[in-house]
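Residue-level structural notes
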Amino acid sequence: MLAAARRLFAANGYALTSVRDIARAAGVNQALVVTYFGGKQALFMEAVGRFRISAEALAGGIDGMGARLARLYVDRWENMADDDPWPALVRSALSHEPSGRLLRAALHEQYAPLHEALGAAGDGPTRGAMVQCLLAGMIMERYIYALEPARSIPAADFEAALAGALQHVINGPSTTLPASQEGA
């Protein structure tokens, strides 16, 4: 059932895949799918998997966190299986509000460890939000829309550039003014 769900969600997106379609593709009764998974949303979340920011990516504080996060996300998206429904969920979320809610819930869970690591005080929430923006933008530009030149940059070079941008945001605002603004 799970393999059929992954294939159908990946091919058709969340909105256009029904529990009936999944049951038919798996060769089981629709009631069996509901009994095991409780419904379409729970089945989708099981099919997508609960991708999380790993403890290793956040270990050691903020030093090098940008490189660890870049490696985690670029590796995840570069090596994604053809039947992985994450891209379909992202695409569906743009035009289907229930898919949007599902994506927001999954991302909220996914990013929770990041926000804990960056802290709730001071500019921690802003830095966390900016990390999320960079990661989401990277996914959209390179993997969903496949826009050039982002799509054609070798993965190692792309990961290094993303790591630098992430680390800049993770470190927070500079406490010194650029030379051009001193004494202004």
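Here's a quick rundown of the structure. Everything numeric in this text was worked out from a predicted model, so none of it was measured.

This part is about the nonpolar core. With 49 residues, the main nonpolar core has I53, L69, W86, L114 and V131 as its most contacted residues. Sequence-distant contacts of I53, that is, excluding residues within four places in its chain, are made with L58, L69, L72, Y73, Q110, Y111, P113 and L114.

Time to look at the pattern of salt bridges. In this structure the tally under the stated criterion is 10 salt bridges. Here R71 makes a salt bridge to E159, at a shortest N to O gap of 3.8 Å. Taken as a pair, R71 in helix α6 (residues 65-78) and E159 in helix α10 (residues 155-171) lie far apart in primary sequence, 88 residues in all. Among the salt bridges present, the one from D84 reaches R76, with a minimum N-O distance of 2.9 Å. Taken individually, D84 and R76 each receive the classification buried, so the pair is uniform in this respect. Each member of the salt-bridge network shares a partner with another, and the members are R6, R76, D83 and D84.

Here we come to unusual backbone geometry. Cis geometry is found at the peptide bond from E148 to P149, where omega equals 5°. Mapped onto the elements, P149 comes out in the loop between α9 (124-144) and α10.

Within helix α2 (residues 19-26) the residues assigned to the buried category are V19, I22 and A23. In a view along the axis of α2, the buried residues occupy a sector of 100°, so they form one face of it. One or two steps after α2, the chain reaches G27, where phi turns positive at roughly 70°.

Following both chains from N to C, one finds α9 and α10 inclined at 160°, their axes separated by 8 Å at the closest point. The orientation of α9 relative to α10 falls into the category roughly antiparallel. Seen along the crossing, α9 lies across α10 with a hand that is right-handed. Taken together, the residues of α10 that come into contact with α9 (itself represented by R127, M130, V131, L134, L135, M138 and R142) are A155, F158, L162, A165, L166, V169, I170 and N171. Residue composition of the contact of α9 with α10, grouped by class: 12 nonpolar, 1 polar and 2 charged.

On to a nonpolar patch on the surface, then. Side chains of L94, Y145 and L147 sit close together on the surface and give an oily, nonpolar patch of about 310 Å² of accessible area. With respect to the helices and strands, the residue Y145 is situated in the loop between α9 and α10.

With that out of the way, let us pick up α9. When the terminal C-alpha atoms of α9 are compared, their 28 Å separation across 21 residues agrees well with the 30 Å that a helix rising 1.5 Å per residue should span. Those residues of α9 that fall on the buried side of the exposure criterion are G124, R127, G128, V131, L135, M138, I139, M140, R142, Y143 and I144. Residues of α9 that are buried make contact with α6, α7 (86-93), α8 (97-118) and α10. Immediately downstream of α9, the backbone of A146 shows phi near 50°, a positive value.

Moving on, we come to the packing of aromatic side chains. Scanning the model with the defined rule gives 4 aromatic pairs in all. The rings of F9, Y14 and F44 are connected pair by pair, giving a single aromatic cluster. The positively charged end of K40 is found above the aromatic ring belonging to Y14, 4.4 Å away from the centroid. Stacked on the ring of F158, the Lys or Arg R142 has its end atom at 4.4 Å from the ring centre.

Rules and cut-offs
Residues numbered from 1 in each chain as written. Predicted model: local features only at pLDDT ≥ 70, side-chain atom pairs only at ≥ 80, totals over all residues. Heavy atoms only, no water. Core = buried A, V, L, I, M, F, W, Y, C linked by side-chain atoms within 4.5 Å. Buried < 20%, exposed > 50% of the residue type's maximum accessible area, 1.4 Å probe, protein only. Contact = heavy atoms within 4.5 Å. Salt bridge = Lys/Arg side-chain N within 4 Å of Asp/Glu carboxyl O. Helix = DSSP H or I, 4+ residues; strand = E, 2+ residues; numbered from the N terminus. Arc of directions from axis to C-beta. Axes fitted to C-alpha atoms, helices over the stretch in contact; angles between N-to-C directions. Parallel < 35°, antiparallel > 145°, perpendicular 65-115°, else oblique. Left-handed = near helix turned anticlockwise from the far one by under 90°. Nonpolar A, V, L, I, M, F, W, Y, C, P; charged D, E, K, R; others polar. Patch = residues over 30% accessible without salt bridge, like charges linked within 9 Å, V, L, I, M, F, W, Y side chains within 5 Å. Areas by Shrake-Rupley, 256 points an atom, 1.4 Å probe, with all protein chains shown as cover. Expected span 1.5 Å × (residues − 1). Phe/Tyr/Trp six-rings, centres within 6.5 Å; stacked < 30°, edge-to-face > 60°. Lys NZ or Arg CZ within 6 Å of the ring centre and 35° of its normal.

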